[in-house]
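Here are the chains, one letter per residue:
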Amino acid sequence: MESSSPEKGVRTEAEWKEILTSKQYYVLRQKGTERPFSGKYNTFQEDGVYKCGACGAVLFSSESKFDSHCGWPAFSAPKDSDTVTESRDTTLGMTRTEITCSKCGSHLGHVFNDGPGPTGLRYCINSVALDFEKEEK
Ligand code: FE
């Protein structure tokens, strides 16, 4: 098994810029937002896990994914509570809760209190910030 330190996957901005596509870099490192209904996982429904598009940390499971009709992939909960970090975001004249990858600090999206499931939460995440991995059942 490959050994990994906690810092594995964390890089400098210059490295991120080199590794990521310009779209990925804009969302993950510059806190951008992809256009609604443009992302590849918006209506995607396969079984598996969604990893951070920057560092590869496992963030969400397809089990918690639902169709929010908002134009971005939506999840009712992260795979584990400590895989994502919440912080207050007051940009664009709104108060929102930003979601970042706990491992590498990359921006993923926002969480809102209008989810339909038992948690009442809607993690609204950019497709370009995620990397899907199929789970064989
Ligand atoms: Fe990450």
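Residues numbered from 1 in each chain as written. Predicted model: local features only at pLDDT ≥ 70, side-chain atom pairs only at ≥ 80, totals over all residues. Heavy atoms only, no water.

Caption draft 1: Structural context of the overall build of the protein. The helix and strand tally for the protein stands at two helices and nine strands. Going residue by residue from the N terminus, the α and β elements of the protein occur as α-α-β-β-β-β-β-β-β-β-β. For 137 residues, the compact-globule estimate of 2.2 N^0.38 gives 14 Å, and the C-alpha radius of gyration of the protein, at 14 Å, lies within 12% of that figure. Relative to its 137 residues, the protein shows a buried fraction of 47%. Total accessible area computed for the protein in this model is approximately 8,000 Å², and 48% of it derives from carbon and sulfur atoms. (Helix = DSSP H or I, 4+ residues; strand = E, 2+ residues; numbered from the N terminus. Rg over C-alpha atoms; globule rule 2.2 N^0.38 Å. Buried < 20%, exposed > 50% of the residue type's maximum accessible area, 1.4 Å probe, protein only. Areas by Shrake-Rupley, 256 points an atom, 1.4 Å probe, with all protein chains shown as cover.)

Caption draft 2: Geometry of unusual backbone geometry. The phi angle at Lys 31 is positive, at roughly 55°, despite the residue not being glycine. Looking at the element boundaries, Lys 31 is found in the loop between helix 2 (22–29) and strand 1 (48–52).

Caption draft 3: View of the sheet that holds strand 7 (residues 107–112). Reading across from one edge, 3-4-8-7-6-5 is the order of the six strands in this open sheet, with antiparallel pairing throughout. Each edge of the open sheet carries a strand with a single partner, namely strand 3 (65–66) and strand 5 (84–89). Across four bridges, the pairing between strand 6 (residues 96–101) and strand 7 is antiparallel. Following the sheet pairing, Glu 98 is matched in strand 7 by His 110. (Pairing = 2+ DSSP bridges.)

Caption draft 4: Structural view of the pairing of strand 1. When you tally the buried positions in strand 1, you get five out of five residues, the bulk of the element. Where strand 1 lies against strand 9 (residues 130–134), five bridges are found, and the strand directions are antiparallel. By the bridge assignment, Val 49 is partnered in strand 9 with Glu 133. Here strand 1 runs beside strand 2 (residues 58–61); their pairing, made up of three bridges, is antiparallel. Across the sheet, residue Tyr 50 finds its bridge partner in strand 2, namely Phe 60. Counting the residues between successive antiparallel strands, the hairpin from strand 1 to strand 2 contains five residues, one of them, Gly 56, with a positive phi of roughly 85°.

Caption draft 5: Structural view of the environment of Lys 40. On the secondary structure map, Lys 40 appears in the loop between helix 2 and strand 1. Considering only alpha carbons, one finds Lys 40 and Thr 12, 28 residues apart in sequence, at a separation of 27 Å.

Caption draft 6: View of the nonpolar core. Judged by nonpolar contacts, the single largest core of 26 residues is most densely connected at Leu 59, Phe 60 and Leu 108. Counting residues per element, the ones that place at least two in this core are helix 2, strand 1, strand 2, strand 6, strand 7, strand 8 (122–125) and strand 9. With three residues, the top contributor of residues to this core is helix 2. Contact partners of Leu 59, with chain neighbours within four places excluded, come to Tyr 50, Lys 51, Cys 52, Pro 78, Lys 79, Thr 83, Val 84, Cys 101, Leu 108 and Leu 130. (Core = buried A, V, L, I, M, F, W, Y, C linked by side-chain atoms within 4.5 Å. Contact = heavy atoms within 4.5 Å.)

Geometric values such as these leave the question of function open.
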